[in-house]
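Structural description and commentary
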Amino acid sequence: MDQIDINVVKEPRGFLRVLQFVFAICAFATTTNFGSSFSFIVKCKNETMGTQKITQAIEYPFRFDHVVVEEKACGNSYAFSYFGDYSSDAEFFVAAGVLAMLYSLASLAFYCLCGSSYQNNKTIPLVDFLVTMVIAVFWLSGSAAWASGVSAVKYVSDPNAWIKNLKICVENAECSSLYAGNFAGLNISIIFGFLNFFLWTVNLWFLYKETSWFQQDNASATGPGGQTPI
């Protein structure tokens, strides 16, 4: 193991790893820590039975169809569930964030502790480049999928979209939406996702310059004797 060299953080590939570590945490934290709710009011046709407010929490991993609501309203007992399971989109996005966080931290530690090995071993820079490319693809696909998932979550969380089909609202009551939830946190998570894709894609150029591919191309362009052929 070499001596610790933190000067690599001043280089683009090291500095970008720091940014990738921070923004990966921001991306999956805004998703897993998200919390909101939607609610609607059940107003009995028989006014003597009053009204009732039904509220449902919105939280990770967004499995709405796993929620069974049991309520007593207008003299009857009702059990119903919402629709939609968007856990696959959310969990893939979070997995991409966790993977990016771990790899950025591990690679940054390797840069600082084993700098000479990185420079002298032709295989390590290639592996670093290829893994970074894979994670960049994960960020793009994960962010696109999660953007679609958030759009679906917003639809399910708007009672106006489905409230008229509930049995409780058809038989003995009139239902109206009260609150559809606040999705600022999820919108920010999508922004963080595409920002991470940008950071990992930009870093590819700096990592490519460390590989033997770039050195071979540079040597071919320079020509014998270190002169650029005309």
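Just so we're clear, the structure is a prediction, and the values are computed from it rather than from any experiment. (Residues numbered from 1 in each chain as written. Predicted model: local features only at pLDDT ≥ 70, side-chain atom pairs only at ≥ 80, totals over all residues. Heavy atoms only, no water.)

1. Digging into the nonpolar core
We apply this condition: Nonpolar cores were defined as sets of buried Ala, Val, Leu, Ile, Met, Phe, Trp, Tyr and Cys residues, with membership established by side-chain atoms within 4.5 Å. Categorising residues by exposure relies on relative accessible area from a 1.4 Å probe, with only protein chains included: less than 20% of the type maximum marks a residue as buried, more than 50% marks it as exposed, and the intermediate range marks it as partly exposed. Runs of H or I in DSSP of at least four residues are treated as helices and runs of E of at least two as strands, each being numbered from the N terminus. Any two residues having at least one pair of non-hydrogen atoms within 4.5 Å are treated as being in contact.
Counting residues in each nonpolar core, the largest one holds 44 residues, and the members touching the most others are Phe40, Val42, Phe62, Phe64 and Tyr82. Counting residues per element, this core draws most heavily on helix H4 (residues 123-156), at seven residues. For phenylalanine 62, the contacting residues outside a window of four places in its chain are Thr31, Phe34, Gly84, Asp85, Tyr86, Ser87, Ala90, Trp146, Val153 and Leu186. Judged by nonpolar contacts, the second largest core, of eight residues, contains Leu108, Cys112, Tyr118 and Leu207.

2. Examining the packing of H4 against helix H6 (residues 184-208)
Heads up, the condition is: Only the contacting stretch of a helix is used when fitting its axis, a line to C-alpha atoms as for every element, and angles between N-to-C directions run 0 to 180 degrees. Between 65 and 115 degrees an angle is taken as roughly perpendicular, under 35 as roughly parallel, over 145 as roughly antiparallel, and anywhere else as oblique. The hand of a helix crossing depends on one turn: near helix anticlockwise from the far one by less than a right angle means left-handed, and clockwise means right-handed. Polar here means any residue other than Ala, Val, Leu, Ile, Met, Phe, Trp, Tyr, Cys and Pro, which are nonpolar, and Asp, Glu, Lys and Arg, which are charged; Gly is therefore polar.
Packing of H4 against H6 brings their axes to within 9 Å, and their N-to-C directions diverge by 165°. Classed by the angle they form, the pair H4 and H6 counts as roughly antiparallel. In terms of crossing hand, the pair formed by H4 and H6 is left-handed. Looking at the contact of H4 with H6, its residues break down into 18 nonpolar, seven polar and two charged.

3. Structural notes on the UniProt feature "domain: MARVEL" (unreviewed entry) in the chain
Keep this limit in mind: UniProt positions are given in the numbering used here, feature names are shortened, and annotations may be inferred rather than shown by experiment.
As annotated in UniProt, the feature "domain: MARVEL" (unreviewed entry) corresponds to residues 8-212 in the numbering used here. With 58% helix and 19% strand, residues 8-212 has end C-alpha atoms that lie 19 Å from one another.

4. Let's talk about the pairing of strand E4 (residues 76-81)
What counts, and what does not: Whether two strands pair depends on DSSP finding at least two bridges between them.
Examined bridge by bridge, strand E3 (residues 68-73) and E4 share six bridges and lie antiparallel to one another. In the strand pairing of E4, glutamate 70 is matched with alanine 79. In this antiparallel pair of consecutive strands, E3 and E4, the connection spans two residues, and cysteine 74 shows a positive phi of 55°.

5. Looking at the state of the cysteines
What counts is decided by this rule: The rule for a disulfide is simple: a pair of cysteine sulfur atoms within 2.5 Å.
Per the counting criterion, the structure on display carries one disulfide. Paired by a disulfide, cysteine 169 and cysteine 175 hold their sulfur atoms 1.9 Å apart. Every disulfide takes its handedness from the sign of the S-S torsion; for cysteine 169 and cysteine 175 that torsion is -95°, giving left-handed. For cysteine 169, a relative accessible area of 11% translates into the label buried. With a relative accessible area of 6%, cysteine 175 lands in the buried category.

6. A look at the side chain of serine 36
Spelled out, the test is: Definition of a polar contact: a pair of N or O atoms within 3.5 Å, with one able to donate and the other able to accept a hydrogen when the atoms are protein atoms, and with sequence-neighbouring residues admitted only if both atoms are side-chain atoms.
With respect to the secondary-structure elements, serine 36 resides in strand E1 (residues 35-44). Within polar-contact distance, the side chain of serine 36 engages the backbone nitrogen of asparagine 182 at 3.0 Å. When neighbours within four sequence positions are excluded, serine 36 is seen to be in contact with Gln56, Ala57, Ile58, Tyr179, Gly181 and Asn182.

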